[in-house]
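Here's the letter readout for the chains.
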Amino acid sequence: MTVATAVAHPNIALVKYWGKRDADLNLPATGSLSMTLDVFPTRTTVALDPALDGDAFTLDGRAATGIPLDRVTRFLDVVRALAGVETRARVTSAGTVPEAAGLASSAAGFAALAGAASAAYGLDLDERALTRLARRGSGSASRSVIPGFAVWHAGDTDEESFAESVDAPALAMVIAIVDAGEKPVSSRAAMRRTVLTSPFYPAWVTSTDESLRSALAACRDGDVDRLGRIAETNALRMHALIQSCDPPIRYLAPTSLAVLDRVEALRARGVGAYATADAGPNVVVVCRPADAAEVRDALADLAEIVVAHPGPGLRIEPGAVA
Ligand code: DP6
């Protein structure tokens, strides 16, 4: 039996991925930019087992069925096709991030699965190939392969759509966990609905391309405030876009808006703090590391707060392949 284990962390996008050009290959409509965090790691083990008829997936101690198991099996089918091996596997994954709460659990999960599965099935992939493989499981997972800041190039083909490291100024992310419960509509389903029903979708694609170019320029210039402003604008545009679906979807909750108000108040007193939010009610405040404690204190009565910094990329544990 061949076994491998890998660890990956979530990432939070400063310029968001929202919308696909190809759902099968998971090619995004636009590129995106993110920071991989140093909190909430997911650890995943893949063990090939010739006795199995189907893959088995245990998530946080419970046997998974339905959509989560299907997504793992479809992902392992990609790995098996690359490896030319048909053996099924037992996948065991344990995360520390609240599942499906818009804290990018699928990014850490599929990055770790890409690392463990590629090693268990005997694929020898370089970093770029691992980002492309992780992308097949969940688009945002491509960026969690990379330590610190990552740009995921949209690309026109499977080969061109990969993530790589990018230099950026030192940042902290202050995470306000407004609600750790499961979100009403998955980001995958909401993305599909957006592409099919939002009249604003074409404008989102054009403006996100522009935001990514400006954000990369701000990274090169080391300009935290410009990067933060671009991130906040891009996130609020994404939420406006999502709310413009038919039927509409709203992820931000009253407490999320209260956090956004506090971020404005922080800026009014001269703190460079900027908000972003993924497909859920939690708000992440981007700021200079030296301001993180002040931002945390300003939000502490509204939500549970976790302060994150740039974290490591995908780690495939040495010696885990038996
Ligand atoms: C709002 O990567 O979870 O977090 O590719 O369908 O698995 P799939 O979607 P997923 O979407 C992430 C959306 C986002 C923005 C981002 O992380 O860029």
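Keep in mind the model is a prediction, meaning the values are calculated, not measured. (Residues numbered from 1 in each chain as written. Predicted model: local features only at pLDDT ≥ 70, side-chain atom pairs only at ≥ 80, totals over all residues. Heavy atoms only, no water.)

**A look at the domain arrangement of the protein chain**
Moving on, step 1. Domain parsing of the protein chain yields domain 1 (3-168) and domain 2 (172-308).
Moving on, step 2. Using only C-alpha atoms to locate each centre, domain 1 and domain 2 end up separated by 23 Å.
Moving on, step 3. Every contact between the two is made by 35 residues of domain 1 and, on the other side, 45 residues of domain 2.
Moving on, step 4. For the pair domain 1 and domain 2, the summed buried surface comes to about 3100 Å²; carbon and sulfur atoms form 72% of the total.
Moving on, step 5. Run the count over domain 1 and domain 2 and you get one salt bridge.
Moving on, step 6. For lysine 16, the salt bridge is made with aspartate 278, and the minimal N-O distance between the two is 2.5 Å.
Moving on, step 7. Where domain 1 packs against domain 2, one counts six residue pairs in polar contact (both at pLDDT 80 or more).
Moving on, step 8. At five residues, the largest contribution of residues to the side of domain 1 that touches domain 2 is made by strand S2 (residues 11-15).
Moving on, step 9. Looking at side-chain class alone, the side of domain 1 that touches domain 2 contains 20 nonpolar, nine polar and six charged residues. (Domains from an automatic or database assignment. Contact = heavy atoms within 4.5 Å. Buried area = accessible area lost by both parts, 1.4 Å probe. Salt bridge = Lys/Arg side-chain N within 4 Å of Asp/Glu carboxyl O. Polar contact = N/O pair within 3.5 Å; in protein donor to acceptor, adjacent residues only side chain to side chain. Helix = DSSP H or I, 4+ residues; strand = E, 2+ residues; numbered from the N terminus. Nonpolar A, V, L, I, M, F, W, Y, C, P; charged D, E, K, R; others polar.)

**Focus: empty space enclosed by the protein**
If a probe as big as a water molecule is rolled over the atoms, it shows which places are left empty.
Moving on, step 1. Here the structure, examined in full by the defined rule, presents one cavity of 30 Å³ or more.
Moving on, step 2. By volume, the largest cavity is sized at about 40 Å³.
Moving on, step 3. Lining the largest cavity are Glu232, Ala235, Leu236, His239, Leu252, Leu260, Ala275, Thr276 and Ala277.
Moving on, step 4. Of all the secondary structure elements, the ones that give two or more residues to the lining of the largest cavity are helix H7 (224-243) and strand S13 (274-276).
Moving on, step 5. With four residues, H7 is the largest single contributor of residues to the lining of the largest cavity.
Moving on, step 6. Among the residues forming the lining of the largest cavity, the class breakdown is six nonpolar, two polar and one charged. (1 Å grid on protein atoms, 1.4 Å probe; cavity = no way out; pocket = protein on both sides within 12 Å on 5 of 7 lines; lining within 4 Å. Points joined across faces, edges and corners; volume = space filled by probe spheres on them.)

**So, the packing of aromatic side chains**
Moving on, step 1. For the structure shown, the criterion picks out two aromatic pairs.
Moving on, step 2. Centroid distance phenylalanine 75 to phenylalanine 110: 5.8 Å. Interplanar angle 65°. Geometry classified as edge-to-face. Remark: phenylalanine 110 occurs in helix H2 (residues 105-120) and phenylalanine 75 occurs in helix H1 (residues 66-83); sequence separation between them is 35 residues.
Moving on, step 3. In this structure phenylalanine 75 comes out as buried when scored by relative accessible area, which is 2%. (Phe/Tyr/Trp six-rings, centres within 6.5 Å; stacked < 30°, edge-to-face > 60°. Buried < 20%, exposed > 50% of the residue type's maximum accessible area, 1.4 Å probe, protein only.)

**Focus on the site of the ligand**
Moving on, step 1. In the neighbourhood of the ligand, 18 residues make up the surrounding shell, with Tyr17, Lys20, Ser138, Gly139 and Ser140 lying closest.
Moving on, step 2. In the environment of the ligand, an oxygen atom lies 3.2 Å from a nitrogen or oxygen atom belonging to the side chain of serine 106.
Moving on, step 3. Between an oxygen atom of the ligand and a main-chain N or O atom of glycine 139, the distance comes to 2.7 Å.
Moving on, step 4. Bound to the protein, the ligand loses 95% of the 470 Å² it would expose on its own.
Moving on, step 5. The element best represented in the shell around the ligand is helix H5 (residues 187-197), accounting for three residues.
Moving on, step 6. For the shell around the ligand, a count of residues per class yields six nonpolar, six polar and six charged.
Moving on, step 7. Of the domains in this structure, domain 1 (3-168) and domain 2 (172-308) are the two that each give at least three residues to the shell around the ligand. (Near = heavy atom within 4 Å. Areas by Shrake-Rupley, 256 points an atom, 1.4 Å probe, with all protein chains shown as cover.)

**Some thoughts on the environment of glycine 84**
Moving on, step 1. Relative to the helices and strands, glycine 84 is located in the loop between H1 and strand S9 (89-95).
Moving on, step 2. Judged by relative accessible area, glycine 84 falls into the exposed class, the value being 69%.
Moving on, step 3. Sequence spacing of glycine 84 and aspartate 223 is 139 residues, and the spatial spacing of their C-alpha atoms is 47 Å.

**Considering the environment of valine 85**
Moving on, step 1. Residue placement: valine 85 occurs in the loop between H1 and S9.
Moving on, step 2. Classification of valine 85 as partly exposed rests on a relative accessible area of 24%.
Moving on, step 3. Considering only alpha carbons, one finds valine 85 and alanine 56, 29 residues apart in sequence, at a separation of 17 Å.
Moving on, step 4. In this view, valine 85 contacts Leu48, Arg80 and Tyr121; residues no more than four positions away in its chain are not counted.

**A closer look at H7**
Moving on, step 1. With 20 residues, H7 should cover 28 Å at 1.5 Å per step; its first-to-last C-alpha distance of 29 Å lies within 8% of that length.
Moving on, step 2. Considered for burial, the residues of H7 that qualify are Val224, Leu227, Gly228, Ile230, Ala231, Glu232, Asn234, Ala235, Met238, His239, Leu241 and Ile242.
Moving on, step 3. The inward-facing, buried residues of H7 contact S2, strand S5 (32-36), H5, helix H6 (201-221), helix H8 (254-268) and S13.
Moving on, step 4. Sitting at the amino-terminal end of H7 is aspartate 223, which places a side-chain oxygen 3.3 Å from the backbone nitrogen of aspartate 225. (Expected span 1.5 Å × (residues − 1).)

**Focus: the packing of H8 against helix H9 (residues 292-299)**
Moving on, step 1. As a packed pair, H8 and H9 sit with axes 10 Å apart at the nearest point and diverge in direction by 135°. Judged by the angle between their axes, H8 and H9 are oblique. Crossing of H8 over H9 shows right-handed handedness. Counted together, Val259, Arg262 and Leu266 of H8 and Glu294, Val295, Ala298 and Leu299 of H9 form the full contact between these two elements.
Moving on, step 2. Looking at the contact of H8 with H9, its residues break down into five nonpolar, no polar and two charged. (Axes fitted to C-alpha atoms, helices over the stretch in contact; angles between N-to-C directions. Parallel < 35°, antiparallel > 145°, perpendicular 65-115°, else oblique. Left-handed = near helix turned anticlockwise from the far one by under 90°.)

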